[in-house]
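For reference, the chains in residue letters:
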Amino acid sequence: AQSVTQLDSHVSVSEGTPVLLRCNYSSSYSPSLFWYVQHPNKGLQLLLKYTSAATLVKGINGFEAEFKKSETSFHLTKPSAHMSDAAEYFCVVTDPISNFGNEKLTFGTGTRLTIIP
Amino acid sequence: NAGVTQTPKFRVLKTGQSMTLLCAQDMNHEYMYWYRQDPGMGLRLIHYSVGEGTTAKGEVPDGYNVSRLKKQNFLLGLESAAPSQTSVYFCASRRQVRSQPQHFGDGTRLSIL
């Protein structure tokens, strides 16, 4: 069975300071991992994905994440927060669930990021 | 360049009423999904489809039915709405290639009174 734990339900940072959103996972297979962002009243938008290539993954809007197998972590970072980064962030892990090659997504419960002016 | 479009965006129902949520995608994706999002619970998979004419149950399928008569459309039905089905519903689609990300619609906010 697979699972995802987002260690903080709410993170507040000042504009211009670094952002760290933490995610730990468990998986029986070689997982793929994603970070999605959700702005108010919007759907989920893909920030970045890890699929067993480079362990440091760069995404959109200056975000990046590092896959650490030994720590089963996939933390999301950004060097300098912007007001537009205020949103909810979801860490997601995939595992195969059928012979069709379809993959089950398991979502974390989300981290709400607040940016202080 | 619409991507995934969900209709309606908002709806209020009375207990026992029925309704259908429509999802349409214009990316020629094979796989489509319906999720519900509830506070503090992330997204939970209701049903999914791996191709036209096929559907399968997800994590929380009870009280819902789906149909995929055309490749681009995935319908979610509530036959007899219950207050526990008050939620935000998201549709997603993706290509039939391993580890491809899912593309999401903007959601349908459904309240059952």
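Residues numbered from 1 in each chain as written. Chains lettered and ligands numbered in written order. Predicted model: local features only at pLDDT ≥ 70, side-chain atom pairs only at ≥ 80, totals over all residues. Heavy atoms only, no water.

What follows deals with the state of the cysteines. Residue and element names in this part refer to chain A. According to the stated counting rule, one finds 2 disulfides over all chains in the structure shown. A sulfur-sulfur separation of 2.0 Å characterises the disulfide bridge that pairs C23 with C91. Taking the torsion about the sulfur-sulfur bond, which here is approximately -65 degrees, the covalent link between C23 and C91 counts as left-handed. In this pair, C23 is assigned in strand 4 (residues 23-26) and C91 in strand 10 (residues 87-96), connecting sequence segments 68 residues apart. (Disulfide = S-S within 2.5 Å. Helix = DSSP H or I, 4+ residues; strand = E, 2+ residues; numbered from the N terminus.)

A separate point is the packing of aromatic side chains. Per the counting criterion, the structure on display carries 12 aromatic pairs over all chains. Aromatic pair Y25 of chain A and F67 of chain A: ring centres 5.8 Å apart, planes at 25 degrees, arrangement stacked. One end of the pair, Y25 of chain A, is in strand 4; the other, F67 of chain A, is in strand 8 (residues 64-68), and 42 residues separate them in sequence. As far as burial versus exposure is concerned, Y25 of chain A and F67 of chain A are alike and both buried. Judged by centre distance (4.1 Å) and plane angle (15 degrees), the rings of Y50 of chain A and F67 of chain A are stacked. Taken together, the positions of Y50 of chain A in strand 6 (residues 44-50) and F67 of chain A in strand 8 put the pair 17 residues apart, joining distant regions of the chain. The exposure classification of Y50 of chain A matches that of F67 of chain A, with both residues buried. Here the aromatic residues F34, Y36 and F107 of chain A together with Y33, Y35, Y48 and F104 of chain B are joined through ring pairs into a cluster of three or more. (Phe/Tyr/Trp six-rings, centres within 6.5 Å; stacked < 30°, edge-to-face > 60°. Buried < 20%, exposed > 50% of the residue type's maximum accessible area, 1.4 Å probe, protein only.)

Let us now look at the interface of chain B and chain A. Contact with chain B, which involves 21 residues of that partner, is made by 23 residues of chain A. Interface of chain B and chain A: buried area, both sides summed, is about 1,900 Å²; carbon and sulfur atoms make up 50% of it. By the criterion of area lost to chain A, the three top residues of chain B are R98, S99 and F104 of chain B, representing 26% of everything that side buries. Between K42 of chain A and D106 of chain B there is a salt bridge, and its shortest N-O distance comes to 3.8 Å. (Contact = heavy atoms within 4.5 Å. Buried area = accessible area lost by both parts, 1.4 Å probe. Salt bridge = Lys/Arg side-chain N within 4 Å of Asp/Glu carboxyl O.)

Residues and elements named next belong to chain B. Turning to its location among the elements, P8 is positioned in the loop between strand 1 (4-7) and strand 2 (10-13). For P8, a relative accessible area of 26% gives the class partly exposed. Distance in space between the C-alpha atoms of P8 and R109 is 8.4 Å, their sequence separation being 101 residues. The residues contacting P8, other than those within four sequence positions of it, are M19, G107 and T108.

Residues and elements named next belong to chain B. What the 4 strands build is an open sheet, ordered 1-3-8-7; its pairing is antiparallel. Here the strands that pair on one side only, and so sit at the sheet edges, are strand 1 and strand 7 (64-67). Averaged over all adjacent pairs, the angle separating strand axes in this sheet is 20 degrees, with direction ignored. Sheet topology note: the strand 1/strand 3 (residues 19-25) ladder contains 4 bridges and is antiparallel. When the bridges of strand 3 are listed, T5 appears paired with A24. (Pairing = 2+ DSSP bridges. Axes fitted to C-alpha atoms, helices over the stretch in contact; angles between N-to-C directions.)

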